[in-house]
Structure formats: C-alpha cells, structure tokens
Amino acid sequence: MAAQSLLSEPVLGWSIFTFILLVILAFCWVYIRKFQSRQESEVISTITAICALAIALITSALLPVDIFLVSFMKYPNGTYKEWAASNETRGQIEDTVLYGYYTLYSIILFCVFLWIPFVYFYYEERDDDNVNKCSQVKNALKYTVGFVIVCMVLLLIGAFVPLEAPPSQNSTQWEKVQYLFEELGSSHGLPALSFSISSLTLIGMLAVITYTAYGMSVLPLNLIKGTRSVVYERLENTEDIDDVEHQIEKLKSQCKDGRPLSSRDRNNLQELEGKLLVLRRRGRHLEFAEGNCCTKVGSALRPLKILLGIFFIAVALLFIVALFISNLDKALHSAGISSGFIIFGTNLTNPLNELLLALQPVFPLDYILITVITMYFVLTSMAGIRNMGIWFFWIRLYKIRPKRTRPQALLFLCMILLLIVLHTSYMIYSLAPQYVMYGSQKYLVQSQMVPAGLTSGNGTFGTARICDADAPQDQCTVTRSYVFLHKFWFFSTMYYFGNWAFIVAFLIGLVVSCCRGKKSVIEGEVEADDSDISDDEYVH
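These numbers come from a predicted model, not from an experiment. (Residues numbered from 1 in each chain as written. Predicted model: local features only at pLDDT ≥ 70, side-chain atom pairs only at ≥ 80, totals over all residues. Heavy atoms only, no water.)

This next bit is on the packing of aromatic side chains. Applying the stated rule across the entire model yields 24 aromatic pairs. Taking the centre distance of 6.3 Å and the plane angle of 25° together, the rings of F491 and Y495 count as stacked. With F491 and Y495 both in helix α16 (residues 489-515), this residue pair falls four residues apart, about one helical turn. Residue classification places Y495 among the buried residues on the basis of a relative accessible area of 2%. The rings of Y120, F121, Y143, F147, Y398 and F412 are connected pair by pair, giving a single aromatic cluster. Residue placement shows K74 over the ring face of Y80; its charged tip is 4.7 Å from the ring centre. Just above the ring of F72 sits the side chain of K81; from NZ or CZ to the centre is 4.3 Å. (Phe/Tyr/Trp six-rings, centres within 6.5 Å; stacked < 30°, edge-to-face > 60°. Helix = DSSP H or I, 4+ residues; strand = E, 2+ residues; numbered from the N terminus. Buried < 20%, exposed > 50% of the residue type's maximum accessible area, 1.4 Å probe, protein only. Lys NZ or Arg CZ within 6 Å of the ring centre and 35° of its normal.)

Quick look at the structure:
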C-alpha cells in the first residue's frame, strides 16, 4: 500500500505538470504565429522563439509542482504519509525536483548565452548582401563566442565564490541564516549554476521593474477604458487627410511661377508628404478594422472586459499590498543587508500568504491559485512588452505588433521573458514567503496534559501547526525553489531593493495609465517611424 502511494502522489504532481506542458506548447505556437511577420518569417527563428517561450513558461510552471510535492508528503494532521516516512524517500523526491530545476535552468543558460544569440546574429547577417551560408554561420558564431565567454566566467565565479556571509550583531537571527548558507553550500553542483542563474535573475529583475510593473497597470486599465470608436476615428482621420492635402497644395502653389521653394518650405513639404502617407495607411487600417468581425465581437464583449479589468486591477493591488507588507516585514525583522534580508516565516499578516494557507484544506484550490499567480506575472509581462516595445535605455529597438513583428524582435521578446520568469519565482516568494517555502506542510507539537481531578500522572497530545522557522528540521521540507533563491545573500539583498523599485514603478505606471485617454482601435499598427518595407499584407 505504501509503495502504491509512493507512486501515486508524485505521479499525480508530474501528470499535472505534463498536462500544463502540453497547454504551454500550444499557447506558444499560437502566440508566436500571431505576432510573427508574414514577410520576414523564417523557420529557424520561429522554432527558436517557440521553444524559448515554452521553456520560460515551463520553468514558471515548475514552482507549483515543487510546492505540491513537498506539501503532499504530509497529512493535514502534521504526520508524514506512509510512502514519505523515510528520509531516503523524501530525498529522492526532492532530488527529482532539483534535477528538474537543474535541467530547465541549464536549458535557459543554453538559450540565453548560445542558441538565441546565434540565431539572432545569423538572421542579422542574412540582411546583408552576403548570401554565403558558411559566412553567415561563421560570423554568427564569432559574435556568439562573446556570450559563451560571459557564461563561462559566471560559472567559474559561482564555483569558487565564498559563501560565508559577513558577521552580524543579531546573533539569534544570524545563526539561522548562517545555517541556511551552510546547508545550501553542501549541495552538489549547485553553486556554479545558481550563481549564473542569479546573475540572469538580476537582469530579469530590471525587466520586471520595466515591463511587468507597467503591464500590471496598463492591462486592466485598457480593458476598463476600452478603445475609441472606429467610426469616429475614421472621420477624424479623413479630416486630417483633407487638412494635410490643403497645406501641401498651398505650399506647391508658391512655386507655380517657376520660383523654387526655400529650404524651410521644402522641409515642411517633405514632412507633410510623409504625414500624408501615414494618414492614408492609417485610413486603410481603420477601414479594415471597421469591417473586421473581431472588432464587432470585442464591442459585444465590452461588459465582460470591464469586469475582467476590475478583477485584474484588484489582483494587482493585492499583489502590491502583499509585496509591501513582505518587504516591511524583512526590514523590521531580518538581520539586515548582511544576511540578504532573509526571514524565516512571516511576522506581519500577509493577505496573499494567509489566503493560500486558508485554501489548503480544499484541494487543489491553493495550487490552482499559485499557478494563476505565476501565469499572471507572465501574461502581464507580455502585455507590458507588447505596449512598450523593446527598448535599450531611451532607444526603441523593436515593436511587438500582430503579424508584423520581425524575427529579431521575437527573439528579444523570448529572451526578456526568460529573464523575467527567473525573477518571477522570487517575486512570488516575496508575495507569500511562508507558503512558497513550506507549502501546506504542518508538524506536530507535543504538549503535556494533566488529567482533571488528579494530582499526579499526565499524558501527551500532539497539536498540528503550520511549518515555520520554529519547526524541527526533520519535520518540514523546504522547497527546492527556495534553495535556488537564497544561495547567495548579496543577490537576495539586491532583489529586496528591487521589490521596492517594482512598487514605485507600478504606482508610476498606474498614474500614467490613468491619465492617458482611450487607445486607438489600431494602436501600434501604424506609426511614423515604421521601418518595415510595407504593411499592405496586414490589411489584405
């Protein structure tokens, strides 16, 4: 019976993960095909983008499985199930999850430092007049070597960097932190990979602050505000075309007698002709949007969009409140910067953490919620990138637009999402630290009880408590995700300050999104600085 349970419980968790994997692959294919340019599509870049996006989503889906497996080792009364009573059995299950993280994180390193750069530079070389495939591969490999060298340096630093943390005046809290570092440092092969992943996670933190924070504000508000009327936009665009044509005719009339235009008038004429081309393209897109069935369906679903937007903004505010409370808890009760602001359990009431713990008795509501939270971060990140485009400081490199996104932009998009997903695990830990660390595990606390009416003799009884820092080491199993997150204290310190920056960025994005009016029904489809050769295939 115990052997049967040993097979059934982990198999259930991995079966759910397999189902999610299939859903992810289907979603990635549809998503990439939706945004892929019809003129510039290429098989290699398409496959690379789909696989990279799938790896990002699969990695994010592993966190709920990790929490599920450590939670299912125990009964609700705090005792281990028969199949998990042995330390060896629990170790095997933990190693399985750990190997899953090893595999996925290694694939992420391969994608970020080798595969995606190679495909990107290979496609960049294709834009040149050189059609020699061997030269394309050679030049792409030459540029990719730089990324490989960076990866090797990070792995070497991670393998030899000292894990001893600096001394602290808070001895009680520091003893716990020091024990954690020593425990994590004993893991085989972990330091090098963990340091490399933590370095990428730090870059992912910047992407989360830039894109996810903005996406969490702009996505719900766009749903609530909706889009402008396509009929009104067409009328306004027609008036703009007439106005520009009148200005052009007025300038051209000045040179009918053979006199040349001044340099200023020539520049104005050139600008007006460019503006006229954009307005005519915009008119074609608006005409297409007005007759598109998707626009009509969107109008019919307007009430549902408003409700969905209200729900999303409520979830975003819940996340911000939970993140603020978690950071405040770390500021008040941790050992400070020298320990990476690490705390064990929660000292302040965290609404999201309490909600997850309250849903534990009703399986599988807590796992569904943690999965929804994970996917919410990914989807809002996609929305942020979709609305902002891909920027390098103040320079916009690429736009993300349906059916018109260049292959290089899709590769950038997938790389950014890979980095964001790495930081998402720490964000979720910050939102619900106790739950992410222990899941729904409980442990037994033995208490003495003296029978009523007797002066001698006593009995013992056990009380089930939720796992926290006070639990015995052999009674609660820490998730493997937590192991990866807190390998190096200095990264944890930077993540902590990154959470404060995320809160500020969200509030700024919320104010900006509220001040903006309704977006156009063809938002982002037609812009003056478009570098594409033509967009006629989008309309036709």
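This paragraph deals with the side chain of S381. Along the chain, the position of S381 falls in helix α12 (residues 365-388). Looking at S381, its side chain comes within polar contact range of the side chain of T212, at 2.6 Å. In this structure S381 touches Y211, T212, L417 and I420, once residues within four positions along its chain are discounted. (Polar contact = N/O pair within 3.5 Å; in protein donor to acceptor, adjacent residues only side chain to side chain. Contact = heavy atoms within 4.5 Å.)

A few words on a nonpolar patch on the surface. On the surface, a nonpolar cluster with roughly 490 Å² of combined accessible area is contributed by I44, F110, L114, W115, V148 and M152. Elements with a contribution of two residues or more to the nonpolar patch: α3 (87-126) and α4 (133-160). Sort the elements by how many residues they give to the nonpolar patch and α3 lands first, with three residues. Relative to the helices and strands, I44 resides in helix α2 (residues 43-71). Residue class for I44 comes out partly exposed when judged on its relative accessible area of 38%. (Patch = residues over 30% accessible without salt bridge, like charges linked within 9 Å, V, L, I, M, F, W, Y side chains within 5 Å. Areas by Shrake-Rupley, 256 points an atom, 1.4 Å probe, with all protein chains shown as cover. Salt bridge = Lys/Arg side-chain N within 4 Å of Asp/Glu carboxyl O.)

Moving on, we get to the environment of L200. Its location among the elements puts L200 in helix α6 (residues 190-225). By relative accessible area, which is 3% here, L200 ends up buried. As for L200 and I420, which are separated by 220 residues in sequence, their C-alpha atoms are 9.2 Å apart.

Treat this as a map of the structure, not an account of what it does.
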